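# Notes for the structure review
Letter by letter, the chains look like this.
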Amino acid sequence: MPYHKILERQISKFSGGELFQAISTTYTHSDEDRALLERSLELSSKELEEVNKQLQSERDQIEIQVQQRTQELKAERNKISVTLAGIVDAVIVVDLNHNIIIFNKAAEKLTGFQLSEVLGKPINQIIKIFDKNTELPPSTFCPVSSDDFEGIVYSKEDLILTGLKGKQTYINLLASQIEEGRDVNLGCILTLYDISKEKQLEEMRLDFVSMAVHELRTPLTSIKGYLYIYLRDYKKALDSKQNSLLSRINISTQRLVSLVENLLNVTRIEKGTLTLNLQPIDWVQNINEVIAEIIDQAQDKNIELNFTEPTKPLSHILADKFRINEVLANLLANAVNYTRQEGKVTVWIEEKGSEVITHITDNGPGIPKEAIPHLFTKFFRVSGSLEQGSKGTGLGLYIAKSIVEIHKGKIWAESEFGKGSTFSFSLPIV
Amino acid sequence: MMQKILLIEDDRFIREMYQEELKKAGFLVSAYGSGEEGLQALQQNHFDLVLLDIMLPGMNGLEVLKQIKLNLQTKNLKVVILTNLGQETIIKEGFKIGATGYLIKSSYNPDQIVQEVKRFTQDNSYSF
Ligand SMILES: Nc1ncnc2c1ncn2[C@@H]1O[C@H](COP(=O)(O)OP(=O)(O)O)[C@@H](O)[C@H]1O
Ligand SMILES: [Mg+2]
């Protein structure tokens, strides 16, 4: 029996008042409501249970997914860090403020710093990068930009990196960015490739060539000197047969000397040790001296070799006599070599503005248009030249260009295929 | 009076070639193949000019030059370095120690060598 009924009965035992009546009816109403409520509650709790169950299962699923994703992320991260640790190139990543956020094993080895020492530090406190002697600011070698460009933003070979205690290493450097850099605070990814081994090998090769060539030079100096003395003192007493034999020995010696000097020059250019001893130079006399060295070769081919001396005295030029003579010698040798028998080679000078320009014109085979832009590159030879029976290394014009350029001059070629060529170079007037 | 030249050059052919040519041009030439011998000759005789090869067996040319410049009796002696083209650093070093000039063996013919030696012996204020 419900409590209120008992209560009602008990109270009515005391008195049968109206209040009790009212209370009693209210209770009866409420009773029905309650039943209703109870029933609906019973119902909704079932629904709730359903919902709850569903929710639970969804949560479980999400949980599993999250676990899976976390696992995947972890694997991804492990994959990246293992990859980063494994690659031989140093990888350094900085955030948008140039502070280091990734520094792999190879970067530790290259710079001498430990990961823990560099994390969060500005990159320019850890490494410095030099191009020859100029230091590059991080904004150059490790640019951080606000656009959403993705790809390589800077790339340069042959740089010097200084790390812990000034430790220096030759490197090639590559800087790249990713599109989402701004969103994930990733400024720039640096890849540094250690080239010191290559450098060392290259240096050894150059040293070897240079040593071998120096050794060749001593006997050559002797041959040249004694031949010079012999020809000077006995040429007149020799018959034409003897003279022609000696002339060939002389020409071959001259060729050998040029070969040896060219090899040495190339090693100097590569090593960056081609230096100048600039002095005022009597340019006309100089040209005459070089012509005297090659005149035998020209005469041997019946080539008419002329020098049109300027009518007015030339302005002063500064040059390294021996080096600039190598330019003249190479251009003259080419003109004589590549021009057929009975051809003609002319040297002429022109003063133009603040430059003295020297031209070597021949009426040889000329050079095809498409070959002209490549003439001054190392080892380049026009194909077909071999058919003319001439041998060469393709170094002469490359050397000539290097020497002219460190004199702050220019060198160029003009040619009409089949008609002839003119090689010219300028030297600044002081 | 005949000028006296001390020639220190290890390659016999080059040494004898220069010696012969300089003699023909009127110089008195004493020639040696090593720095040690050259320095010894300097102790005993007076010379007007030293032609000094750099690549020498044993004591190298720059050391010989140092010895000459350290010795009070020979420190004012003109020393001309004999080198090959492309040894700029050695030439620079030589000038620092006190060389008067240099001759590039591989780039001069014998007549030019004689001509240059004449310039060095005549000109007291020769400078680069
Ligand atoms: N005066 C010239 N006439 C025609 N061709 C030339 C002339 N000078 C140079 N060349 C071409 O340019 C090439 C490169 O010349 P160079 O660098 O001196 O090398 P090399 O003479 O050893 O071949 C030559 O092989 C030749 O084909
Ligand atoms: Mg050539």
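Let me sum up the structure you'll find in this document. Everything quoted here is computed from the prediction, not taken from an experiment. (Residues numbered from 1 in each chain as written. Chains lettered and ligands numbered in written order. Predicted model: local features only at pLDDT ≥ 70, side-chain atom pairs only at ≥ 80, totals over all residues. Heavy atoms only, no water.)

## Details of the sheet that holds strand E5 (residues 101-104) of chain B
Residue and element names in this part refer to chain B. Spatially, E2-E1-E3-E4-E5 is the arrangement adopted by the 5 strands of the open sheet, whose pairing is parallel. In this open sheet, the two strands that pair with only one neighbour each are strand E2 (28-32) and E5. Put simply, the sheet's adjacent strands are angled 20° from each other on average, direction ignored. Alignment of strand E1 (residues 4-8) against E2, held across 5 bridges, turns out to be parallel. If you follow Leu 6 over to E2, its bridge partner there is Ser 30. Taken strand by strand, helix H3 (residues 61-70) contacts E1, strand E3 (49-53) and strand E4 (78-83), and its axis lies near 155° from that of E3. (Pairing = 2+ DSSP bridges. Helix = DSSP H or I, 4+ residues; strand = E, 2+ residues; numbered from the N terminus. Axes fitted to C-alpha atoms, helices over the stretch in contact; angles between N-to-C directions. Contact = heavy atoms within 4.5 Å.)

## Considerations on helix H5 (residues 110-122) of chain B
Taking 1.5 Å of rise per residue, 13 residues should cover 18 Å, and H5(B) covers 19 Å from first to last C-alpha, within 8% of that figure. On its buried face, H5(B) sits against helix H7 (196-234) of chain A together with E1, helix H1 (12-24), E3, E4 and E5 of chain B. (Expected span 1.5 Å × (residues − 1).)

## Some details on the site of ligand 1
All names here are of chain A. Around ligand 1, a shell composed of 19 residues is seen, among which Asn 334, Tyr 338, Asp 362, Arg 381 and Leu 397 lie nearest. Between Asn 334 and ligand 1, the recorded distance is 2.8 Å, taken from a side-chain N or O atom to an oxygen atom. A distance of 2.5 Å separates an oxygen atom of ligand 1 from a polar side-chain atom of Arg 381. In the complex, 96% of the free accessible area of ligand 1, which totals 540 Å², lies under the protein chains. Of all the secondary structure elements, the ones that give two or more residues to the shell around ligand 1 are helix H10 (321-338), helix H11 (396-406) and strand E14 (420-428). (Near = heavy atom within 4 Å. Polar contact = N/O pair within 3.5 Å; in protein donor to acceptor, adjacent residues only side chain to side chain. Areas by Shrake-Rupley, 256 points an atom, 1.4 Å probe, with all protein chains shown as cover.)

## Overview of the pairing of strand E5 (residues 151-162) of chain A
Residues and elements named next belong to chain A. Sheet topology note: the strand E3 (residues 128-131)/E5 ladder contains 3 bridges and is antiparallel. Note on E5: the bridge partner recorded for Lys 128 is Thr 162. Both E5 and strand E6 (residues 168-177) contribute to a ladder of 9 bridges, which runs antiparallel. Bridged to Ile 152 within E6 is Ser 176. The turn linking E5 back onto E6 is made up of 5 residues, and Lys 165 within it adopts a positive phi angle of 55°.

## Overview of the nonpolar core
Core analysis: the largest hydrophobic core is formed by 47 residues, its most contacted members being A:Trp283, A:Ile324, A:Leu332, A:Ile360, A:Leu375 and A:Phe425. Apart from the residues within four sequence positions on either side, A:Leu332 is in contact with A:Val290, A:Ile291, A:Ile294, A:Leu305, A:Val345, A:Val347 and A:Ile360. Of all hydrophobic cores here, the second largest spans 44 residues; its members include B:Leu22, B:Val50, B:Met59 and B:Ile97. (Core = buried A, V, L, I, M, F, W, Y, C linked by side-chain atoms within 4.5 Å. Buried < 20%, exposed > 50% of the residue type's maximum accessible area, 1.4 Å probe, protein only.)

## Topic: the packing of aromatic side chains
Residue and element names in this part refer to chain A. The tally for this structure, following the rule as stated, stands at 6 aromatic pairs over all chains. Judged by centre distance (5.1 Å) and plane angle (50°), the ring pair of Tyr 230 and Tyr 234 falls under tilted. Taken as a pair, Tyr 230 and Tyr 234 lie in helix H7 at a separation of 4 residues, close to a single helical turn. Taking the centre distance of 6.1 Å and the plane angle of 90° together, the rings of Trp 283 and Phe 425 count as edge-to-face. Taken as a pair, Trp 283 in helix H9 (residues 283-300) and Phe 425 in strand E14 lie far apart in primary sequence, 142 residues in all. Both residues of the pair, Trp 283 and Phe 425, belong to the buried class. (Phe/Tyr/Trp six-rings, centres within 6.5 Å; stacked < 30°, edge-to-face > 60°.)

## Looking at empty space enclosed by the protein
All names here are of chain A. Applying the stated criterion to the full structure yields 3 cavities of 30 Å³ or more. When its volume is computed, the largest cavity comes out at roughly 70 Å³. Forming the boundary of the largest cavity are Leu 96, Ser 145, Asp 147, Asp 148, Phe 149, Gln 177, Ile 178, Glu 179, Gly 181, Arg 182, Leu 186 and Gly 187. Here the residues of the lining of the largest cavity are counted per class, giving 4 nonpolar, 4 polar and 4 charged. (1 Å grid on protein atoms, 1.4 Å probe; cavity = no way out; pocket = protein on both sides within 12 Å on 5 of 7 lines; lining within 4 Å. Points joined across faces, edges and corners; volume = space filled by probe spheres on them. Nonpolar A, V, L, I, M, F, W, Y, C, P; charged D, E, K, R; others polar.)

## Overview of the side chain of A:Asn262
All names here are of chain A. Mapped onto the elements of the fold, Asn 262 is located in helix H8 (residues 240-271). Judged by its relative accessible area of 8%, Asn 262 falls in the buried class. Not counting residues up to four positions away in its chain, the partners in contact with Asn 262 are Glu 326, Asn 330, Gly 396 and Ile 399.

## Concerning the pairing of strand E11 (residues 344-352) of chain A
All names here are of chain A. The pairing of strand E9 (residues 304-308) with E11 spans 5 bridges and is parallel. Residue Glu 304 lies in a different strand from E11, and its bridge partner there is Lys 344. Summarising the sheet, E11 and strand E12 (residues 355-362) pair through 8 bridges and their orientation is antiparallel. Its bridge partner being in E12, Val 347 is matched across the sheet by Ile 360. Hairpin connection from E11 to E12: 2 residues lie between these consecutive antiparallel strands, with Gly 353 at a positive phi of about 60°.

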